[in-house]
Every structure is written in C-alpha cells, then in structure tokens.
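A structural walkthrough
What follows is the residue order along each chain.
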Amino acid sequence: DVKVTQSSRYLVKRTGEKVFLECVQDMDHENMFWYRQDPGLGLRLIYFSYDVKMKEKGDIPEGYSVSREKKERFSLILESASTNQTSMYLCASSLEGAPEAFFGQGTRLTVV
Amino acid sequence: LAKTTQPISMDSYEGQEVNITCSHNNIATNDYITWYQQFPSQGPRFIIQGYKTKVTNEVASLFIPADRKSSTLSLPRVSLSDTAVYYCLVGGMRSGSARQLTFGSGTQLTVLP
C-alpha cells in the first residue's frame, strides 16, 4: 500500500515561530502537494511539486514556503507562524499521469 | 483549471441510492473528472475517475453526459458509513506543472438511519 506519512498529527506553536511540517511518501511518486483545510472552505492548495527541487504556487501560498530536496520528502515551512495559520494541513502524492492522489492523515496545527 | 459547483449538503437514508451532481461548464477537452471521499479527521480518498459516458467500480458509478459539462456520482444503497464529504475535481492528466489538484468545497452527505 502507498503510504504518505506526515511527521506530526498535532502541533502547537507560538506566534512568530518558524514551523516545519514534513511529509514522506514511499512509492516514488513524482507529484507532491500541500493543502490546508478549514471549516466551510474545503481543501485549498498551498504548494505543489512535480519533481525534485521544482515547486509551483497553489491558491494560497502567502506566508508559506516549501522544500523538496529528495523525491520522497516534501516540507512545508511557515516562516513566521501566525494565528490565522491555525488549520489542518494535508500532504498528498501522486504518480505522474495517474488519476489517484494519496493523502496523509493530516497535521492539526494550532498557533497561539 | 475548470471550476466546479456542487451542492453544499445532502441527506439520505440507509439503503437508498444517492446521486451527487457536479457542474463544470468550462471543462477542457483533455480534462478528466475525479471524485474523492473524505471522512472526518482523515485525508481524502480517491473514489472514481472518468472522461465520458459511464464508469463503474466496486464503490460507485460515474455518469458523464455527452457535453461533459456536468457529472453525477452515484452511490448504490448507502449505509451510515458513507457519511462523508464528497469532492468533485476536474483536471487533466497533463504532466509537470499542470498536474495540480484543486478541490472545491465539496458536498457533505449525511446518511440517516
């Protein structure tokens, strides 16, 4: 089975902290995604990567950056966490040309 | 990327067939239609994908009319465990940077006993 693993299920951080959310997939997928999910807003794409060191902005990239130094790992970085970044963060991966994306369990981040 | 419109919520009873319709008027020629299911506190899970006419798998059927401006996800004989949010996505099987997956707000399906 494809496995997408996010480093933490729950995180609590302080305003202004630099926050790293890690995601690892074990199926050699080319594509990786970071979303945030908020009540009533569905899933919104933050960043997308289709290859190592390649990244594309999604719908809401402001306040975030990403890193993909290795194919299996895609990191989301909150440069200076703010309370409006309190959310559920979901990572996903997919094989190039395949219809199915696989999601991790999510990280519920609270910024206080 | 083509925008999709779905009902915000639907209720059904156990054992009934449920049809959720998605509108995608600006679908492009090489776009596919994909549906995902999401349970609370979990990531979305792929259900089905199609390009035209009808696709069926062990979970659901997907009906796509000839003009492809809408699609209908059909869940046969739902149970309480089918209560979830269902997302319709439209996009291509393009490579590289065009391979984004953009979700809408989804449809909250509640199955009642």
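What counts and what doesn't
- Per chain, the residues get numbers from 1 upward, laid out in the order the sequence is written.
- Lettering for chains starts from A, numbering for ligands starts from 1, and both go in the order in which the items are written.
- The model is predicted, so local features are restricted to residues of pLDDT at least 70 and side-chain atom pairs to those at 80 or more, both for listing and for counting; the totals for chains, interfaces and linings are taken over all residues.
- The side-chain numbers reported here are obtained from all heavy atoms of the structure, hydrogens and water having been left aside.
- We count a stretch as a helix when DSSP gives it H or I for four or more residues in a row; a strand needs E for two or more, and each element gets its number in order from the N terminus.
- Remark: exposure states derive from per-residue accessible area (1.4 Å probe, protein chains only) relative to the maximum for the residue type, with buried under 20%, exposed over 50%, and partly exposed in between.
- Whether two residues touch is decided by their heavy atoms; if any such pair falls within 4.5 Å, the residues are in contact.
- Two N or O atoms form a polar contact when they lie within 3.5 Å of each other; inside protein one atom must be a possible hydrogen donor and the other a possible acceptor, and for residues adjacent in sequence the pair counts only when both atoms belong to side chains.
- By buried area we mean the combined loss of accessible area, with a 1.4 Å probe, across both parts when two parts are placed together.
- Take a side-chain nitrogen of Lys or Arg and a carboxyl oxygen of Asp or Glu: if they are within 4 Å of each other, that pair is a salt bridge.
- Residue polarity follows a fixed list, in which Ala, Val, Leu, Ile, Met, Phe, Trp, Tyr, Cys and Pro are nonpolar, Asp, Glu, Lys and Arg are charged, and the others, Gly among them, are polar.

Digging into the environment of A:Ser93
All names here are of chain A. Residue placement: Ser 93 occurs in strand 9 (residues 87-94). Given a relative accessible area of 0%, Ser 93 falls into the buried group. Remark: the alpha-carbon pair of Ser 93 and Thr 5, spanning 88 residues in sequence, is separated by 10 Å. If sequence neighbours within four positions are ignored, Ser 93 has contacts with Val 4, Gln 25, His 29, Asn 31, Met 32, Phe 33, Glu 100, Ala 101 and Phe 102. In this structure the side chain of Ser 93 is engaged in a polar contact, spanning 2.8 Å, whose partner is the side chain of His 29.

Side note on the interface of chain A and chain B
Listed per partner, the contact involves 27 residues of chain A and 22 residues of chain B. Around 1900 Å² of area is buried between chain A and chain B when both sides are counted, 54% of it from carbon and sulfur atoms. At the surface where chain A touches chain B, the tally comes to 0 salt bridges. For the pair chain A and chain B, the number of links is 3 residue pairs in polar contact (both at pLDDT 80 or more). Taken together, the elements giving at least two residues each to the side of chain A that touches chain B come down to strand 4 (31-38), strand 5 (42-51), strand 6 (54-57), strand 9 and strand 10 (101-103) of chain A. With 5 residues, the top contributor of residues to the side of chain A that touches chain B is strand 5 of chain A. Considered class by class, the residues forming the side of chain A that touches chain B number 13 nonpolar, 8 polar and 6 charged.

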